[in-house]
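# Descriptive structure summary
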Amino acid sequence: MIGLISATAAGAAARDRLAAAWPARTRVYDGPVADAVGRAFAECDRLVCFLATGAVVRLVAPLLADKASDPGVVCVDEAARFAVSLVGGHAGGANELAREVAAVLGAEPVVTTATDAAGVPGLDMLGLPVEGDVAGVTRAVLDGEPVALDGASRWPLPALPANVGADAPAGSAAIRVSDRAAAPARREVLVRPPSLVVGVGASRGAPVEEVLGLVEEALREAGLSVRSVAELATVDAKSQEPGIVGAAARLGVPVVTHTAQDLAAVAVPNPSHAPLAAVGTPSVAEAAALVGGGELLVPKRKSVRADGSPAMATVAVARRPVRGRLAVVGLGPGARDLMTPRAEREVRRAAVLVGLDQYVDQIRDLLRPGTLVLESGLGAEEERARTAVAEARRGKAVALIGSGDAGVYAMASPALAEASDDIDVVGVPGVTAALAAGAILGAPLGHDHVSISLSDLHTPWEVIERRVRAAAEADLVVTFYNPRSRGRDWQLPKALALLAEHRRAGTPVGVVRNASRPDESGRVTTLESLDPGIVDMMTVVTVGNTATREIAGRMVTPRGYRWQEENA
């Protein structure tokens, strides 16, 4: 919960704007300001104070205890011009909150954390548990000192600056990615990857303490860090077993279940008749740990009960294979403010960026130092897809970028056709050209609509023509992508002629070039008046259906046909 505190009418007005935008995330604290800050500090994860920074400093200073547990505090001036990350930039989430608040209020975020200012990922912001000298090693990274990086191949990390690498001299500060339980050395940070899967079997009614104790004992004796446990895995028949569910809750990890059939298909070193008779698979703990592949580090072991009664829990531990991460990112139609926050986060997270050179230029300023950029020119879509997948298979965090939405005439299809299940794939949607153009034209997509590419480089014209005819007969609004180029000048007139067989000559047609870019242009004409010569590859053409009308210069397709009947 985010606590909101203000002292004046102007501050309250800005506070109320934020509360209205985030009704489920915020709570307003009224009353004397000092009391309100104290209550919010004790009850909330983060605070936004609409007060002078000096006042907030004096109010929160006596409340500060530990940056690992203190809430993040953002200070907003009463004119809502600036959102200042004041306390708990990383651990308290104030840096990200300052950016979010600024976006809602139209303010400027002020973030002074060194890593954020330098564009370097904070070691405590990698999304992974860290141990050791975080401040000291981070300072070495920022100061450009050689910093050793060990075990980076064990988990896909974000881009790190050029001074961080495997060839740093002895005695350098170090970052080590490891699931081993060893303590960090001097000037070392241990990054704990979620690389361990603990398979668990349990008899009905097995106590939480017995399951949890066995898990912790198995990890400890194998020299493995409990902070690298990604999940407790078991058979689906045990999905609600209190001992397993409770142990997972105490470890802060999910319970992942598999069918008995899937577990029975996994080769294990220690099968048993008991689980086969009970739940339909000769192994639960080992098979559940290994179902996704990997290396068995701790074979099945049973709990030992002090009274000598039969064990009620079994565990096994496996290190799962390193999986690269491929984010297929839609950048939107071109304007930075139409690029989604999620797309921006994925671009910043990537250690490797793959994309068309002109799209890379759009977001080059977002890349972190050390990002490997693999760019190429027009016409190399399949090669870019293969490159991105290959880099992900090497265990890298990769972003494959495209304009609009990655799944609409863009990079998602060739990438996913190339990728197998040995990498993690994340799709990041974007505002596609049809939507950007529609917003400029008015509301042409208010009823059923279809997008058709007129490029026959990948699709035979016979197929394209069949689809245009079907759309014409079905009375769908049609948006044409790739409508015309210097080498393809007859396809658009042909497609318009096919639509004209089913629509009146005065049907509104929208023509938008470079939607959302500085040289954007848009106009509404008609099916009979459209001059194909004004159209190029940077243009989107939207043809209305029989109900579409031009109203006050805007192209409008009603949500139903009743409007058309009433105005016939």
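For the structure given in this document, a descriptive report is provided here.

Rules used throughout
- Residues numbered from 1 in each chain as written.
- Predicted model: local features only at pLDDT ≥ 70, side-chain atom pairs only at ≥ 80, totals over all residues.
- Heavy atoms only, no water.
- Buried < 20%, exposed > 50% of the residue type's maximum accessible area, 1.4 Å probe, protein only.
- Helix = DSSP H or I, 4+ residues; strand = E, 2+ residues; numbered from the N terminus.
- Arc of directions from axis to C-beta.
- Pairing = 2+ DSSP bridges.
- Salt bridge = Lys/Arg side-chain N within 4 Å of Asp/Glu carboxyl O.
- Polar contact = N/O pair within 3.5 Å; in protein donor to acceptor, adjacent residues only side chain to side chain.
- Axes fitted to C-alpha atoms, helices over the stretch in contact; angles between N-to-C directions.
- Contact = heavy atoms within 4.5 Å.
- Core = buried A, V, L, I, M, F, W, Y, C linked by side-chain atoms within 4.5 Å.
- Parallel < 35°, antiparallel > 145°, perpendicular 65-115°, else oblique.
- Left-handed = near helix turned anticlockwise from the far one by under 90°.
- Nonpolar A, V, L, I, M, F, W, Y, C, P; charged D, E, K, R; others polar.
- Phe/Tyr/Trp six-rings, centres within 6.5 Å; stacked < 30°, edge-to-face > 60°.

### So, helix α6 (residues 134–142)
Looking at α6, one finds that the buried residues are Val134, Val137, Thr138, Ala140 and Val141. Along the axis of α6, the buried positions cluster into a sector of 155 degrees, meaning they face one direction only.

### Quick word on the pairing of strand β10 (residues 173–177)
The side chains of a regular strand alternate, residue by residue, between the two faces of the sheet. With respect to burial, β10 is a largely interior element, four of its five residues being buried. Across four bridges, the pairing between strand β8 (residues 147–150) and β10 is parallel. Note that in β10 the partner of Val147 across the bridge is Ala173.

### Some words on the pattern of salt bridges
Charged atoms that come close allow side chains of opposite charge to pair. A full pass over the atoms with the stated rule returns 31 salt bridges. One salt bridge in this structure joins Asp424 and Arg323, with 2.8 Å as the shortest N-O distance. You can see Asp424 sitting in strand β21 (residues 424–428) and its partner Arg323 sitting in the loop between β16 (313–319) and β17 (325–330), a full 101 residues away along the chain. You can call Asp424 partly exposed: its relative accessible area is 36%. In this structure, Arg394 engages Glu391 in a salt bridge whose closest nitrogen and oxygen atoms are separated by 3.0 Å. You can call Arg394 exposed: its relative accessible area is 54%. According to the relative accessible area criterion, Glu391 is buried, its value standing at 11%.

### Some words on the environment of Arg394
Mapping Arg394 onto the fold places it in the loop between α14 (381–393) and β20 (397–402). Once the C-alpha coordinates of Arg394 and Gly324 are considered, the two residues, 70 residues apart in sequence, prove to be 6.5 Å apart. Within the structure, Arg394 has its side chain in polar contact with the side chain of Glu391 (distance 3.0 Å).

### A short note on the pairing of β20
Of all six residues in β20, six are buried; the element is thus mostly enclosed. The alternating pattern of β20 places Ala397, Ala399 and Ile401 and Val398, Leu400 and Gly402 on opposite faces, both of which are buried. In the sheet, β17 pairs with β20 via six bridges, with the strands oriented parallel. Bridging across to β20, Val328 finds its partner in Leu400.

### Looking at the sheet that holds β21
As summarised here, the arrangement of the five strands in space is β19-β18-β20-β17-β21, forming an open sheet in which the pairing is parallel. Whereas interior strands pair on both sides, the edge strands pair on one side only; in this sheet they are β19 (372–376) and β21. Adjacent strand axes in the sheet meet at a mean angle of 15 degrees, parallel and antiparallel pairs treated alike. Taken strand by strand, helix α12 (residues 341–349) contacts β17, β20 and β21, and its axis lies near 140 degrees from that of β17.

### A word on the sheet that holds strand β2 (residues 26–28)
On the basis of which strands lie adjacent, the open sheet formed by six strands has the order β2-β1-β3-β4-β5-β6 and mixed pairing. Across the chains shown, the open sheet's two edge strands, defined by having one partner strand only, are β2 and β6 (108–110). Within the sheet, the average angular offset between the axes of one strand and its neighbour, ignoring direction, is 25 degrees. Looking at chain direction, strand β5 (residues 82–87) and β6 are connected through three bridges and run parallel. Counterpart to Phe82 in the pairing with β6 is Glu108.

### Concerning the nonpolar core
One finds Val198, Val200, Leu219, Leu232, Val315 and Val317 to be the most contacted residues of the largest nonpolar core, which totals 24 residues. Breaking this core down by element, the ones donating at least two residues are β12 (196–202), α7 (208–222), β13 (229–235), α8 (242–251) and β16. It is α7 that provides the largest number of residues to this core, a total of six residues. Val198 has contacts with Val215, Val229, Glu231, Leu232, Ala233, Val315, Ala316 and Val317, leaving out every residue within four places of it along the chain. In this structure, Val468, Ala472, Val478 and Leu498 belong to the second largest nonpolar core, which totals 21 residues.

### Considering the packing of α7 against α8
Between α7 and α8, the least distance of the axes is 8 Å, while the angle of their chain directions is 55 degrees. Classed by the angle they form, the pair α7 and α8 counts as oblique. In this structure, the crossing between α7 and α8 has a hand that is right-handed. Across from Val208, Glu209, Val211, Leu212 and Val215 in α7, the residues of α8 making contact are Pro242, Gly243, Ile244, Gly246, Ala247, Arg250 and Leu251. Per-class residue counts for the contact of α7 with α8 are eight nonpolar, two polar and two charged.

### Some remarks on the environment of Leu160
Of note, Leu160 is situated in the loop between β8 and β9 (164–165). Note: C-alpha distance between Leu160 and Leu149 (11 residues apart in sequence) is 9.7 Å.

### As for unusual backbone geometry
Its identity is not glycine, yet Ala80 carries a phi of approximately 55 degrees, on the positive side. Relative to the helices and strands, Ala80 resides in the loop between β4 (72–76) and β5. The buried category is assigned to Ala80, whose relative accessible area is 7%. One non-glycine residue with positive phi stands out, namely Asn482, at about 45 degrees. As for its position among the elements, Asn482 is in the loop between β24 (477–481) and α18 (491–500).

### Focus on the packing of helix α17 (residues 461–473) against α18
At a minimum axis separation of 9 Å, α17 and α18 run at an interaxial angle of 30 degrees. By the criterion of interaxial angle, the relationship of α17 to α18 is roughly parallel. The two elements α17 and α18 meet at a crossing, and its hand is right-handed. Across the interface between the two elements, Trp461, Glu465, Val468, Arg469 and Ala472 of α17 pack against Gln491, Lys494, Ala495, Leu498 and Leu499 of α18. Looking at side-chain class alone, the contact of α17 with α18 contains six nonpolar, one polar and three charged residues.

### A look at the environment of Gly106
Considering the arrangement of structural elements, one finds Gly106 in the loop between α4 (94–105) and β6. By relative accessible area, which is 66% here, Gly106 ends up exposed. Distance from Gly106 to Ala83, taken between C-alpha atoms, is 9.6 Å for residues 23 residues apart in sequence.

### Here we look at the packing of aromatic side chains
According to the stated counting rule, one finds two aromatic pairs in the structure shown. Where Tyr409 meets Tyr481, the ring centres are 4.7 Å apart and the plane angle is 55 degrees; that geometry is what we call tilted. Highlighted residues: Tyr409 in the loop between β20 and α15 (412–418) and Tyr481 in strand β24, separated in sequence by 72 residues. Judged by its relative accessible area of 9%, Tyr481 falls in the buried class. Judged by centre distance (5.0 Å) and plane angle (70 degrees), the rings of Trp461 and Trp490 are edge-to-face.

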